[in-house]
Every structure is written in C-alpha cells, then in structure tokens.
Amino acid sequence: MRAKELIFSGRRVASEEALSIGMIDRVTSAENLLAGARTWARELSLGSPAALALSKSILNQTFELTVEQVFDMGSQAQAICYSTQEHRDSITAFLAKSAAKSGRPS
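Computed from a predicted model, the values in this text were never measured in an experiment. (Residues numbered from 1 in each chain as written. Predicted model: local features only at pLDDT ≥ 70, side-chain atom pairs only at ≥ 80, totals over all residues. Heavy atoms only, no water.)

Chemist: Before we go on, may I ask you to explain the packing of helix α4 (residues 49-61) against helix α5 (residues 67-82) in this structure?
Modeler: Helices that pack against each other are described as a pair by the angle of their axes relative to one another and the distance between those axes. Running from N to C, α4 and α5 cross one another at 170°; their axes reach a closest spacing of 10 Å. Taken together, the axis directions place α4 and α5 in an arrangement best described as roughly antiparallel. Facing α4, whose interface residues are A50, A51, L54, I58 and Q61, α5 presents V70, M73, G74, A77, I80 and C81. (Axes fitted to C-alpha atoms, helices over the stretch in contact; angles between N-to-C directions. Helix = DSSP H or I, 4+ residues; strand = E, 2+ residues; numbered from the N terminus. Parallel < 35°, antiparallel > 145°, perpendicular 65-115°, else oblique. Contact = heavy atoms within 4.5 Å.)

Chemist: In this structure, what is going on with a nonpolar patch on the surface? I would like to understand it.
Modeler: A cluster of nonpolar side chains, namely L19, M23, I24 and V27, defines an oily patch on the protein surface of about 330 Å² accessible area. Inspection of the secondary structure puts M23 in the loop between α2 (15-20) and α3 (33-45). (Patch = residues over 30% accessible without salt bridge, like charges linked within 9 Å, V, L, I, M, F, W, Y side chains within 5 Å. Areas by Shrake-Rupley, 256 points an atom, 1.4 Å probe, with all protein chains shown as cover. Salt bridge = Lys/Arg side-chain N within 4 Å of Asp/Glu carboxyl O.)

Chemist: How should the pattern of salt bridges be read in this particular structure?
Modeler: Pairing between side chains of opposite charge can happen when the charged atoms of each approach one another. On inspection of all chains with the given rule, the structure shows 4 salt bridges. Between E5 and R11 there is a salt bridge; the shortest N-O distance is 3.0 Å. Taking relative accessible area as the criterion, R11 reaches 33% and is therefore assigned partly exposed. Across the pair D25 and R26 runs a salt bridge whose closest N-O atoms are separated by 3.2 Å. Classification of D25 by relative accessible area gives exposed; the value is 57%. By relative accessible area, which is 40% here, R26 ends up partly exposed. Each of R2, E5, R11 and E17 takes part in a single network of salt bridges with overlapping partners. (Buried < 20%, exposed > 50% of the residue type's maximum accessible area, 1.4 Å probe, protein only.)

Spelled out as structure tokens, the structure:
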C-alpha cells in the first residue's frame with residue numbers, strides 16, 4: 001500500500017522516513033558520503049566475489065524470469081559457489097575453529 005501511495009502521489013520522501021519504511025538501508029551526510037561508500041565497499045568485499053557476482057546477475061534478471069527460473073538459477077549459483085576455493089577455505093577455517101573450541105586437534 002505504501003509503495004502505491006508513493007508512486008501515485010510522487011511526493012518527496014525525507015531520508016528519515018525512507019529509512020523507517022525500508023526504502024533505503026542507510027543515511028549519511030554529504031560530508032561522510034565518500035567515507036560511507038568506502039566502508040560499504042569494504043563490507044561487500046569481505047564476502048565471496050563469486051557469490052556476489054552470481055547474486056547480482058540473478059537479481060538483475062528477476063523481472064524477466066519466472067519464479068521457477070529464479071530458483072533454478074539460485075540452485076545453480078549455490079552449486080557453483082560450493083565448488084570454489086573460497087568455499088573450501090571457509091569450511092577448513094570453520095572446522096579448525098570448531099576443533100579449537102572443543103579442544104580437539106583439527
């Protein structure tokens with residue numbers, strides 16, 4: 001309902017309202033814009049580049065595809081991600097951390 005009201009009215013939405021209704025996910029001042037963008041880029045770079053690229057590709061196509069096609073692409077992307085070195089490294093790190101917590105050798 002809110003989306004319709006905003007589309008039909010064309011009214012401007014203040015940043016605080018946009019944040020509270022989930023239209024945007026963060027607010028920053030003009031002075032902090034570049035620093036905020038760099039921080040967000042660093043956060044994004046912590047994840048798997050393969051997963052990020054595949055997610056972006058799927059999201060960019062969602063309006064042209066059926067739900068079934070999107071789910072199929074998601075399954076394919078997950079299979080691709082499972083085969084990456086990043087995934088193997090993260091599993092190794094997880095198992096090592098788990099072993100360290102339990103006192104077992106990894």
